[in-house]
Amino acid sequence: MVSSDVFYCDRKEHLAWRDMGVLAVEMECAALYALAAKLKKRALCICTISDCPLTGESLPAEERQTGFSQMIELALEVAE
């Protein structure tokens, strides 16, 4: 997984990441871990994949809004 602050990039960049073995791109984990380290706190990032820019596949908006309940429940259990 790669952390990037680029929401949309060209296909060439996605292909370069793929060629390096990257399976997913996310935008928040790096910042979360940096802040946790600075504040001497623990952090955990649980990621789900909703879109694939290389293939154009993506989950419908409704499924993204309602379909990640198990991930949220797991995160809350781990945080206790």
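No experiment lies behind these values; they were computed from the predicted model shown.

Enquirer: Describe the state of the cysteines, naming the residues involved and giving the relevant values.
Expert: Taken as a whole, this structure holds 1 disulfide when the rule is applied. The disulfide that involves Cys29 links it to Cys45, with 2.0 Å between the sulfurs. For the disulfide bridge between Cys29 and Cys45, the dihedral angle about the S-S bond is near -75°, and by the sign convention the bridge is left-handed. Residue Cys29 is found in helix α2 (residues 29–38), and its partner Cys45 is found in the loop between α2 and β3 (51–52); the two are separated by 16 residues along the sequence. Cys29 gets classed as buried once you look at its relative accessible area, which sits at 7%. Sulfur of Cys47: no disulfide; nearest cysteine sulfur belongs to Cys29 and is 3.7 Å away. A relative accessible area of 34% means that Cys47 is categorised as partly exposed.

Enquirer: Give a detailed account of the pattern of salt bridges, specifying residues and quantitative values.
Expert: Per the stated rule, a full pass over the model turns up 2 salt bridges. The closest approach of N and O atoms between Arg18 and Asp19, which form a salt bridge, is 3.1 Å. The class of Arg18 is partly exposed, set by a relative accessible area of 45%. A relative accessible area of 60% means that Asp19 is categorised as exposed. A salt bridge links Arg64 to Asp51; its shortest N-O distance comes to 3.8 Å. One end of the pair, Arg64, is in helix α3 (residues 61–66); the other, Asp51, is in strand β3, with 13 residues separating them in the sequence. A residue is classified by how much of its surface remains accessible, and Asp51, at 37% relative accessible area, is partly exposed.

Thresholds applied
- Residues numbered from 1 in each chain as written.
- Predicted model: local features only at pLDDT ≥ 70, side-chain atom pairs only at ≥ 80, totals over all residues.
- Heavy atoms only, no water.
- Disulfide = S-S within 2.5 Å.
- Helix = DSSP H or I, 4+ residues; strand = E, 2+ residues; numbered from the N terminus.
- Buried < 20%, exposed > 50% of the residue type's maximum accessible area, 1.4 Å probe, protein only.
- Salt bridge = Lys/Arg side-chain N within 4 Å of Asp/Glu carboxyl O.

Shape descriptors only; they carry no functional weight alone.
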